[in-house]
Amino acid sequence: QVQLVESGGGLVQAGGSLRLSCAASGRTFSRYAMGWFRQAPGKEREFVAAITWSGGNTYYADSVKGRFTISRDNAKNTVYLQMNSLKPEDTAVYYCAAYNGLVPNGEPPHWGQGTQVTVSS
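Definitions and cut-offs
Residues numbered from 1 in each chain as written. Predicted model: local features only at pLDDT ≥ 70, side-chain atom pairs only at ≥ 80, totals over all residues. Heavy atoms only, no water. Helix = DSSP H or I, 4+ residues; strand = E, 2+ residues; numbered from the N terminus. Contact = heavy atoms within 4.5 Å. Polar contact = N/O pair within 3.5 Å; in protein donor to acceptor, adjacent residues only side chain to side chain. Buried < 20%, exposed > 50% of the residue type's maximum accessible area, 1.4 Å probe, protein only. Pairing = 2+ DSSP bridges. Core = buried A, V, L, I, M, F, W, Y, C linked by side-chain atoms within 4.5 Å.

Re the environment of L102
Okay, so step 1: Looking at where L102 falls in the secondary structure, it is placed in the loop between β9 (92-98) and β10 (110-111).
Okay, so step 2: Residues L102 and M34 lie 68 residues apart in sequence; the distance between their C-alpha atoms is 8.7 Å.
Okay, so step 3: Ignoring anything within four residues of it in the chain, the contact list for L102 reads S30, R31, A33, T52 and W53.

Digging into the side chain of T91
Okay, so step 1: With respect to the element layout, T91 can be found in the loop between β8 (78-83) and β9.
Okay, so step 2: Among the polar contacts made by the side chain of T91, one reaches the main-chain carbonyl oxygen of P88 at a distance of 2.9 Å.
Okay, so step 3: In terms of polar contacts, T91 uses its side chain to reach the backbone amide nitrogen of V119, at 2.9 Å.
Okay, so step 4: Discounting residues that sit within four places of it in the chain, T91 has contacts with A40, Q116, V117, T118 and V119.

Details of the pairing of strand β1 (residues 4-7)
Okay, so step 1: Alternating residues of β1 divide into L4 and E6, all buried, and V5 and S7, none buried.
Okay, so step 2: Both β1 and strand β3 (residues 18-24) contribute to a ladder of four bridges, which runs antiparallel. Residue E6 lies in a different strand from β3, and its bridge partner there is C22.

A short note on the pairing of strand β11 (residues 115-120)
Okay, so step 1: Side chains T115, V117 and V119 project from β11 onto a buried face, and the interleaved Q116, T118 and S120 project onto a face without burial.
Okay, so step 2: Pairing of strand β2 (residues 10-13) with β11 involves four bridges; the strand directions are parallel. Note on β11: the bridge partner recorded for Q13 is S120.
Okay, so step 3: By the bridge criterion, three bridges tie β9 to β11 in an arrangement that is antiparallel. In the strand pairing of β11, Y94 is matched with T115.

Here's the deal with the nonpolar core
Okay, so step 1: Among the nonpolar cores identified, the biggest contains 29 residues, and M34, W36, V79, L81, M83 and Y94 are the most heavily contacted of them.
Okay, so step 2: Put simply, the parts of the chain that give this core at least two residues each are β3, β4 (34-39), β5 (46-51), β7 (68-73), β8, β9 and β11.
Okay, so step 3: Contacts of L81, omitting those with residues within four sequence positions, involve L18, R19, L20, W36, V48, A49, F68, T69, I70 and Y94.
Okay, so step 4: Ranked by size, the runner-up nonpolar core spans five residues in total, among them A33, F37, A97 and Y99.

Dropping the structure here:
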């Protein structure tokens, strides 16, 4: 079982940047593909980005491509989401998730508690 704790959320003006971090417990972090998801008020949770176990491949939702970057440091058991050129529609609770496997596939079974990101116009 892996436990995930997000940090780095907050309030930022449109056009600004934030970096989210997700610290994972356990010694098997490098065996998990990781992802970021978000849920805005009144909307369903949606995929944002994912990264394979080695960091060699990354995947993005069209809405964030070119603005967000997912990365990981397996030595620190941490995955990051660098968010640039933020827009008010990026406002949501952001969740870190761990997949069962080396590549992102299906619904992740492990989730963090979420961190709020609010982008003001």
